[in-house]
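Spelled out from the first residue to the last, the chains are:
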Amino acid sequence: KSSKREWKPLEDHSCTDVPWLLLFILFCIGMGFICGFSIATGAAARLLSGYDSYGNICGQKNVKVEGIVNSGLDLTHKKYVFFLDPCNIDLVHQKIKSIALCVSACPRTELKTLADVQKFAETNGSTLCSYELQPSEYTTDPRAAKLCPKYPVPESAPIPFFHRCAPVNISCYAKFAEALITFVSDSSVLHRLISGVMTSKEIIMGLCLLSLVLSMILMVIIRYISRVLVWILTILVILGSLGGTGVLWWLYAKQRLSASALETQIAKDNLQALLIYAIAATVFTVILLLIMLIMRKRVALTIALFHVAGKVFIHLPLLVFQPFWTFFVLILFWTYWIAVLLFLGTTGSPVPNEEGFVEFQMAGPLKYMWWYHVVGLIWISEFILACQQMTVAGAVVTYYFTREKRNLPFTPILASVNRLVCYHLGTVAKGSFIITLVKIPRMILMYIHTQLKGKENACARCMLKACICCLWCLEKCLTYLNQNAYTATAINSTNFCTSAKDAFVILVENALRVAAINTVGDFMLFLGKVLIVCSTGLAGIMLLNYQRDYTIWVLPLIIVCLFAFLVAHCFLSIYEMVVDVLFLCFAIDTKYNDGSPGREFYMDKVLMEFVENSRKSMKEAGRGGGAEGRELKPM
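Residues numbered from 1 in each chain as written. Predicted model: local features only at pLDDT ≥ 70, side-chain atom pairs only at ≥ 80, totals over all residues. Heavy atoms only, no water.

## Some words on the state of the cysteines
Turning to step 1, where the next piece is worked out: Enumeration according to the criterion identifies 3 disulfides in this entry.
Turning to step 2, where the next piece is worked out: The partner cysteine of Cys-129 in its disulfide is Cys-148, sulfur to sulfur 1.9 Å. On the sign convention where negative means left-handed, the S-S torsion of about 110 degrees between Cys-129 and Cys-148 marks this disulfide as right-handed. On the criterion of sequence distance, the pair formed by Cys-129 in the loop between α4 (114-124) and α5 (144-147) and Cys-148 in the loop between α5 and β5 (156-158) is long-range, its members being 19 residues apart.
Turning to step 3, where the next piece is worked out: For Cys-467, which is in no disulfide, the shortest distance to another cysteine sulfur is to Cys-470 and amounts to 6.6 Å.
Turning to step 4, where the next piece is worked out: On the basis of relative accessibility, which here comes to 39%, the residue Cys-467 falls in the partly exposed class.
Turning to step 5, where the next piece is worked out: The thiol of Cys-469 is not disulfide-bonded; the next cysteine sulfur, from Cys-473, is found 4.3 Å away. (Disulfide = S-S within 2.5 Å. Helix = DSSP H or I, 4+ residues; strand = E, 2+ residues; numbered from the N terminus. Buried < 20%, exposed > 50% of the residue type's maximum accessible area, 1.4 Å probe, protein only.)

## Brief notes about unusual backbone geometry
Across the chain, the bulk of peptide bonds are trans and the bulk of non-glycine residues have phi less than zero.
Turning to step 1, where the next piece is worked out: One non-glycine residue, Asp-17, lies in the positive phi region at around 55 degrees.
Turning to step 2, where the next piece is worked out: With respect to the secondary-structure elements, Asp-17 resides in the loop between α1 (2-6) and α2 (18-40).
Turning to step 3, where the next piece is worked out: Backbone geometry at Ser-493 places phi at a positive 55 degrees, although glycine is not the residue there.
Turning to step 4, where the next piece is worked out: Mapping Ser-493 onto the fold places it in the loop between α13 (458-492) and α14 (496-509).
Turning to step 5, where the next piece is worked out: Take Ser-493: its relative accessible area is 7%, and that puts it in the buried class.

## A short note on the packing of helix α11 (residues 369-400) against helix α12 (residues 412-451)
Turning to step 1, where the next piece is worked out: It is at 5 Å that the axes of α11 and α12 come closest, and there the two elements cross at 140 degrees. In this view, α11 runs oblique relative to α12, as classed from their interaxial angle. Where α11 crosses over α12, the handedness of that crossing is right-handed.
Turning to step 2, where the next piece is worked out: Its residues assigned to classes, the contact of α11 with α12 comprises 19 nonpolar, 8 polar and 3 charged. (Axes fitted to C-alpha atoms, helices over the stretch in contact; angles between N-to-C directions. Parallel < 35°, antiparallel > 145°, perpendicular 65-115°, else oblique. Left-handed = near helix turned anticlockwise from the far one by under 90°. Nonpolar A, V, L, I, M, F, W, Y, C, P; charged D, E, K, R; others polar.)

## Focus on the side chain of Gln-388
Turning to step 1, where the next piece is worked out: Of note, Gln-388 is situated in helix α11.
Turning to step 2, where the next piece is worked out: Among the polar contacts listed, one links the side chain of Gln-388 to the side chain of Thr-326, at a separation of 2.6 Å. (Polar contact = N/O pair within 3.5 Å; in protein donor to acceptor, adjacent residues only side chain to side chain.)

## Quick word on helix α10 (residues 322-345)
Turning to step 1, where the next piece is worked out: Over its 24 residues, α10 runs 35 Å from end to end, which matches the ideal 34 Å to within 8%, given 1.5 Å per residue.
Turning to step 2, where the next piece is worked out: Taken together, the buried positions of α10 are occupied by Gln-322, Pro-323, Thr-326, Leu-330, Phe-333, Trp-337, Val-340, Phe-343 and Leu-344. (Expected span 1.5 Å × (residues − 1).)

## Here we look at the pairing of strand β7 (residues 349-352)
Turning to step 1, where the next piece is worked out: Here β7 runs beside strand β8 (residues 358-361); their pairing, made up of 4 bridges, is antiparallel. Each residue of the ladder has a partner; that of Ser-349, found in β8, is Gln-361.
Turning to step 2, where the next piece is worked out: Hairpin connection of β7 to β8: 5 residues between the antiparallel strands, including Gly-356 at a positive phi of 90 degrees. (Pairing = 2+ DSSP bridges.)

## Digging into the layout of surface pockets
Take a probe with the size of a water molecule and roll it over the atoms, and the empty space left behind shows itself.
Turning to step 1, where the next piece is worked out: When its volume is computed, the second largest pocket comes out at roughly 1,400 Å³.
Turning to step 2, where the next piece is worked out: Leu-385, Gln-388, His-569, Cys-570 and Ser-573 are the residues nearest the centre of the second largest pocket, which is lined by 43 residues in total.
Turning to step 3, where the next piece is worked out: Counting residues per element, the lining of the second largest pocket draws most heavily on helix α16 (residues 554-592), at 11 residues.
Turning to step 4, where the next piece is worked out: Residue composition of the lining of the second largest pocket, by class: 22 nonpolar, 12 polar and 9 charged. (1 Å grid on protein atoms, 1.4 Å probe; cavity = no way out; pocket = protein on both sides within 12 Å on 5 of 7 lines; lining within 4 Å. Points joined across faces, edges and corners; volume = space filled by probe spheres on them.)

## What to know about the confidence of the model for the protein chain
Turning to step 1, where the next piece is worked out: On average, residues of the protein chain score 78 in pLDDT, and 82% of them reach the 70 mark or higher.
Turning to step 2, where the next piece is worked out: The model gives residues 175-191 a pLDDT under 50, and that stretch makes 18 contacts with residues more than four places away or in other chains.
Turning to step 3, where the next piece is worked out: Scored below 50 in pLDDT, residues 623-635 makes 27 contacts in the model with residues more than four places away or belonging to other chains. (pLDDT = per-residue confidence, 0-100. Contact = heavy atoms within 4.5 Å.)

## A closer look at the environment of Leu-507
Turning to step 1, where the next piece is worked out: By secondary structure assignment, the location of Leu-507 is in helix α14.
Turning to step 2, where the next piece is worked out: On a C-alpha basis, the gap between Leu-507 and Leu-481 in space is 9.0 Å, while along the polypeptide they are 26 residues apart.
Turning to step 3, where the next piece is worked out: For Leu-507, the contacting residues outside a window of four places in its chain are Tyr-480, Asn-484, Val-514 and Phe-583.

## So, α2
One full turn of an α-helix is made of 3.6 residues, so residues set three or four places apart face in the same direction.
Turning to step 1, where the next piece is worked out: Between its terminal C-alpha atoms α2 stretches 32 Å, which fits the 33 Å expected from 23 residues at 1.5 Å a residue.
Turning to step 2, where the next piece is worked out: Its buried side turned inward, α2 meets α3 (43-49), α10, α11 and α12.

## Brief notes about the nonpolar core
Turning to step 1, where the next piece is worked out: Core analysis: the biggest nonpolar cluster contains 81 residues, and Val-312, Leu-319, Tyr-400, Tyr-575, Val-578, Leu-582 and Leu-607 have the highest contact counts within it.
Turning to step 2, where the next piece is worked out: The element that contributes the greatest number of residues to this core is α16, accounting for 18 residues.
Turning to step 3, where the next piece is worked out: With near-sequence residues (within four places) excluded, Tyr-400 lies in contact with Lys-405, Leu-582, Cys-585, Phe-586, Asp-589, Tyr-602, Met-603 and Leu-607.
Turning to step 4, where the next piece is worked out: In this structure, Leu-84, Cys-106, Cys-148 and Cys-165 belong to the second largest nonpolar core, which totals 33 residues. (Core = buried A, V, L, I, M, F, W, Y, C linked by side-chain atoms within 4.5 Å.)

Okay, structure coming up:
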């Protein structure tokens, strides 16, 4: 009775973790309040329209700020922000350290003298000097050297939607770029790298498309080469470990024979180090061979799961596009988050600073709103990723537990999304919140470690790194457990805690199989990523080689390889997710079914063959029915 209650694949659907869904909705309302507050206090207008150093918003009438001389001006016809020295950048605070004014037009040509600035003001009606100077005073008033722009005034153009005059030639930002990119010591190198990217942009786009195609092809053919690939990798690992151990012992023996001629302390230290390395390599090799001996039968399950995963993608082709939808939603959310963060940067009341200009600062509890905003970034991002995991789990569960594949829904992915939205958003919110609780302390410790770099003692540094490492490991374990909990929820519509407990029990009872899948399977997928990156990089070298005489193609090649790895990781991570879901379904299937009438297996023929082979091998080994049952039903 308990088993039937706990595992009824796709039979019952009920809402799970509703309080957590309500909590998540309240949290999102709080995020919306922050956005609304920043817009209501004028932050959006200041960000989009721009404001000068006196607190005036460009393009509108302004209210006088007490204690500021040039505030409260009517700047209806002056819609653009102009910086007197746009290349004076504060690298510490990452902002332009210059007086900002509102002007009616940006200088579209270079102005080399104050006379040119005066002529530009008289011709275009755009005064580029401070408000208290009239255009006729530009060349006569001694204050012009301080209140007028630094010349030559570079040619500039307004930034779309943000009404800031930005120099057309970005060479003045070379120092800022060099501070961010430490290996660039000469601005001319930076210019050549950027020109190489611009010259090769068609090739870069073509190679990025090639990496996309290669990733999709690899996902199709991996089901056919999985068996050969696994055994090739196994043989290479064995030969590599044996060869490395043999080389270390050979080097140790060689140096020991010649040690009598070398009486120095360095020679003795090297000999001792070689002995330690050789012993450690020997222990590692013995342990590795024992593990492979124990897990050799379970490697066959990994091969079978990869084969079935290939079939899943044939029946559910929309799974391939799942990373695109997730990435698109993440980009939309991150864009919104950055926009609100910029709003918060200009939110608050105008306050005079030490230089007599205006800064906007929030007072009281409101100045801590950005902490809430940061937590929202982590929680909602994890929520979006968890929605992808639940969607994939629901679709694969539907495929596995549907005996007649022709009876599958027309679009299992959309059916899974529908179940997620109707029943399981609360479970996803709870699982993503648990990851957030672990991720935030780790990020705080990483920030503290960065700020204290070079100041703390060795013991404190070691403790910080140990805490960061432990939190990282805990986060990875919880992420894996969450994914399996979502699968259990998709199967049985149970809440998060019940699903996590059930999934954990099954994973523990199949620990060796889990280890085999997570080691052999992950290594196979990693090699797939390396294959795609190497293939794309090789194609890039061959194509970019034709431009070697007039452009630097190192940066374009790095961009292409990084993009290829990102694409391969997105696609093959979905493949890995499908394999993990299939394994949990297989473990449940073998636990509660034995192939007898009324308890037929749901599994694919390939997995059925694996089960039959396991039975035969156990009978041949003379282990009897009990052992057979234990192998068939490992729980």
